[in-house]
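A look at the structure
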Amino acid sequence: MLRSRIHAFSRRAGTLAAIFVASVALGEAQAAGASDLTGRWSASRPKLTLDIVRCGEGWCGIEVTEGARCGRTVLRLDIARAVSGPMVGFAGRLEVIAEAEPYAVGATLQSQGNAAVLWMLGHTGATLLPRRMYPLNAYFTRLGDPICVEPKLS
């Protein structure tokens, strides 16, 4: 029992150390790659299309509703850390349903060849905690430039 707890702790500590080392090693490199976040992004699970644009020091995700109409601002992200290689990490909040508790999310922007992929993990609560399973696990693909460029306060 004690051995399994020690093993689990050392595994978590190793993961956190790797993220910290990567963020220090890459330093300001995240700023250039983060500009690739602006655009129209779509995920099939959950079915969600967002126009992600700059707002303040971070980014806002504006929901694109049926008929390609601009809805409310459901996502807010800030740069969290450089992850490794061509990946940039973000942290923020996603409010998929207005009446439900929002997700604390971590997102990773990755280039895969000529395409960009935004991978988002999250769970309800104030902060994103390290865990095995996340209720929100979505892959967004970039469809093009954003049409909705004025974030609506929500």
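Residues numbered from 1 in each chain as written. Predicted model: local features only at pLDDT ≥ 70, side-chain atom pairs only at ≥ 80, totals over all residues. Heavy atoms only, no water.

Approximately 180 Å³ is the volume found for the second largest pocket. The wall of the second largest pocket is formed by K47, L48, T49, E63, V64, T65, E66 and G67. At the level of secondary structure, the elements contributing two or more residues to the lining of the second largest pocket comprise β2 (48-55) and β3 (58-65). For the lining of the second largest pocket, the leading source of residues is β3, giving 3 residues. Classifying every residue of the lining of the second largest pocket gives 2 nonpolar, 3 polar and 3 charged. (1 Å grid on protein atoms, 1.4 Å probe; cavity = no way out; pocket = protein on both sides within 12 Å on 5 of 7 lines; lining within 4 Å. Points joined across faces, edges and corners; volume = space filled by probe spheres on them. Helix = DSSP H or I, 4+ residues; strand = E, 2+ residues; numbered from the N terminus. Nonpolar A, V, L, I, M, F, W, Y, C, P; charged D, E, K, R; others polar.)

For the peptide bond that leads from R45 to P46, omega is -5 degrees, which places it in the cis range. One can find P46 in the loop between β1 (39-43) and β2. Phi is positive for A68, which is not a glycine, with a value near 60 degrees. With respect to the secondary-structure elements, A68 resides in the loop between β3 and β4 (69-82). Here A68 falls in the partly exposed class, since its relative accessible area comes to 48%. (Buried < 20%, exposed > 50% of the residue type's maximum accessible area, 1.4 Å probe, protein only.)

With that settled, the discussion passes to the pairing of strand β7 (residues 115-124). Burial analysis of β7 places 7 of its 10 residues in the buried class, which makes it a mostly covered element. Pairing of strand β6 (residues 103-112) with β7, which is carried by 10 bridges, proceeds in the antiparallel orientation. Considered in β7, the bridge of V105 is made with G122. Linking β6 to β7, which pair antiparallel, is a turn of 2 residues; within it G113 sits at a positive phi near 70 degrees. With 6 bridges joining them, β7 and strand β8 (residues 136-144) adopt antiparallel strand pairing. Counterpart to W119 in the pairing with β8 is Y139. (Pairing = 2+ DSSP bridges.)

What follows covers the nonpolar core. Of all hydrophobic cores here, the largest spans 22 residues; its most connected members are L118, M120 and F140. At the level of elements, β1, β2, β4, β5 (87-94), β6, β7 and β8 are the ones that each hand at least two residues to this core. Excluding its chain neighbours within four sequence positions, the residues that come into contact with M120 are L75, L94, V105, G106, A107, L136, N137, A138 and F140. (Core = buried A, V, L, I, M, F, W, Y, C linked by side-chain atoms within 4.5 Å. Contact = heavy atoms within 4.5 Å.)

Enumeration according to the criterion identifies 3 salt bridges in this entry. Two residues, R40 and D51, come together in a salt bridge whose shortest N-O distance is 2.6 Å. With R40 in strand β1 and D51 in strand β2, this pair connects stretches of sequence that are 11 residues apart. Across this residue pair, the class does not change: R40 and D51 are buried. A salt bridge links R142 to D145; the nearest nitrogen and oxygen atoms lie 3.4 Å apart. Among the residues examined, R142 registers a relative accessible area of 33% and is labelled partly exposed. (Salt bridge = Lys/Arg side-chain N within 4 Å of Asp/Glu carboxyl O.)

Attention now moves to the side chain of D51. Judged by relative accessible area, D51 falls into the buried class, the value being 0%. A distance of 2.6 Å separates polar atoms of two side chains, one belonging to D51 and the other to R40. If sequence neighbours within four positions are ignored, D51 has contacts with G39, R40, C60, G61, I62, V64, P146, I147 and C148. (Polar contact = N/O pair within 3.5 Å; in protein donor to acceptor, adjacent residues only side chain to side chain.)

What follows concerns the state of the cysteines. Summed over all chains, the structure comprises 2 disulfides. A sulfur-sulfur distance of 1.9 Å marks the disulfide that ties C55 to C60. On the S-S bond that ties C55 to C60, the torsion sits near 85 degrees, and the link is right-handed. Of the residues examined, C55 reaches a relative accessible area of 22% and is grouped as partly exposed. According to the relative accessible area criterion, C60 is buried, its value standing at 1%. The disulfide that involves C70 links it to C148, with 2.0 Å between the sulfurs. The S-S bond linking C70 to C148 shows a torsion near -90 degrees; that makes this disulfide left-handed. (Disulfide = S-S within 2.5 Å.)

Just geometry here; none of it tells us what the structure is for.
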